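# An overview of the molecular structure
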Amino acid sequence: MRPVSIIGIGSTPFSKLEGKGPVDLAVEASIQALGDAEIHPKKIEALYLGNFTSGILTGQEILGPLVANRLGMRAIPSIKTEGACSSGTLAFKEGVLAVASGVHELVLTVGVEKMTSANTSKVTAALASALDQSKEGSCGLTFPGVFAMMARRHMHEFGTTREQIAMVSIKNRKNGVKNPLAQFRAEVTMEKILGAKPVTEPFVLYDCCPISDGAAAAIICPTEMARKLSSKSISILSCEVSIGNASIDMMSDMVSFPATVEAAKKAFSTAGLSTKDINFVELHDCFTIAEIVDSEDLGFFEKGEGGLALEKGLTQINGKLPINPSGGLLSKGHPVGATGLGQIYEVCKQLRGEHPNQLDNPKIGLAHNLGGTGAVCAITILSRNL
Amino acid sequence: MALLNGFKCEECNYFTPYKTILCPKCSSSKIVQVESQGAGEIYTFTTIHVPPEGFEDKVPYTVVVVKLDEGTLVSASWGSETKPQIGQRVAFQEIAGSSFVFK
């Protein structure tokens, strides 16, 4: 396998984007990425597109060829990936493999989701299609429900407090204020969170990411080519995927995601790095408790101490390990199929020194993208090309 | 309280109330049908106020995860008016629709 790099990135805002369907959004992000890379669309040899709910929510499938055609592409392979909320990074991973193996020189990876045209109960049901419908679906369980149950168990086992869990939302909303792509750009207070009406107890609205539209894209090529073509290319040190437990009866506990633990092991091993080498993280905070659980599963904090780390301010922008300086899913939004590539976009922006919440000279960043109830996890470690 | 039909792996003893051909833990094909006492304890729970399509007229409703005495976690509808507590002993009642009901 040869080393590979990201040579161009693009992203729409993550928000309610009226009048734009999934194809429009994916095309918009792709054109940005092609422009950023200064690559003509005809040079692209394959397209990998991540999407989760477009069939259910918009009635539109066959997104890959539709997007490719709109970019003027013909006679190339196009593959769609689906792994619920990790669909985007799964597309990116396929692109990485295609270039690293020598099959292709230049590929476009794009993630997209159009969610706001449907009402909340329909979106909730569409997202719940990533639960095992024959098991969890039959008792009316939802994603906010599963994560609320995780929160309750985490509090029970480790003494994590409701306030610590709320601090995830306060921190990420604060980080989102400056991000022009973020759906929520206003801060939230502890008082407001603790007084809000319940969604799935103990969760309120502020514990949950919003329903969003959006797309993000990245162009991948061999590192040797990237060095010649661009002064701002980003090296892909590793992109690893692992499945975990796709239904509750497979889980031995509900305070950890084995998919994250296993994908992290592989990602650190492939990159030849440890947690100490990572300067900042964009992780999958689909719900407040998820950030605490993920930060532990990735190995940055001991199991049960994620809440405490947050309380100590370790994960703030100016902390020892900034987590979700973009605002995360909670603030930036969660157009599910786009999210993974959105995280990769944010990490690239930081490494290029172009981020609205720019950290002080970060060298290595990690993106963590989770699908389903920890059914699948994709982890990407990126660094500047020196 | 009722017996809970399920499947047990003769190699690793894993029990599941869901039909299976291979053991989801050890991949063995030595699966036998068994009857469980349907006893366990509340592992965690939530009360849902924002439902998916099809559950709009049921809110608020409580969903529990029960840790069966056999060790397996299962999601289930809560069949009691009182709020569940983590660690509370519970028993399988019935299958409503295709959902297990515990109280």
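Just so we're clear, the structure is a prediction, and the values are computed from it rather than from any experiment.

## Digging into the interface of chain A and chain B
Listed by partner, the interface residues are 30 residues for chain A and 31 residues for chain B. Secondary structure elements with two or more residues in the side of chain A that touches chain B: α5 (120-128), α6 (143-158) and β5 (198-200) of chain A. The element that contributes the greatest number of residues to the side of chain A that touches chain B is α6 of chain A, accounting for 7 residues. In terms of residue class, the side of chain A that touches chain B is built from 13 nonpolar, 10 polar and 7 charged.

## Side note on the sheet that holds strand β3 (residues 78-81) of chain A
Residue and element names in this part refer to chain A. With respect to topology, 9 strands assemble into an open sheet ordered β3-β2-β4-β7-β1-β8-β11-β10-β9, the strand pairing being mixed. Looking along the sheet, the strands with just one partner apiece sit at the ends: β3 and β9 (280-282). This sheet shows a mean twist of 25 degrees between the axes of neighbouring strands, independent of strand direction. Bridge count for strand β2 (residues 46-50) against β3 is 4 bridges, and the pairing is parallel. In the strand pairing of β3, G50 is matched with T81.

## Looking at the domain arrangement of chain A
Residue and element names in this part refer to chain A. For chain A, the assigned domains read domain 1 (4-118 + 212-235) and domain 2 (130-209 + 237-384). Here the C-alpha centroids of domain 1 and domain 2 sit 23 Å apart. Counting from both sides, the interface comprises 37 residues of domain 1 and, opposite them, 36 residues of domain 2. Here the side of domain 1 that touches domain 2 takes 7 residues from helix α4 (residues 87-100), the largest share from any one element. Classifying every residue of the side of domain 1 that touches domain 2 by side-chain character gives 18 nonpolar, 15 polar and 4 charged.

Rules and cut-offs
- Residues numbered from 1 in each chain as written.
- Chains lettered and ligands numbered in written order.
- Predicted model: local features only at pLDDT ≥ 70, side-chain atom pairs only at ≥ 80, totals over all residues.
- Contact = placed C-beta atoms within 7 Å.
- Helix = DSSP H or I, 4+ residues; strand = E, 2+ residues; numbered from the N terminus.
- Nonpolar A, V, L, I, M, F, W, Y, C, P; charged D, E, K, R; others polar.
- Pairing = 2+ DSSP bridges.
- Axes fitted to C-alpha atoms, helices over the stretch in contact; angles between N-to-C directions.
- Domains from an automatic or database assignment.

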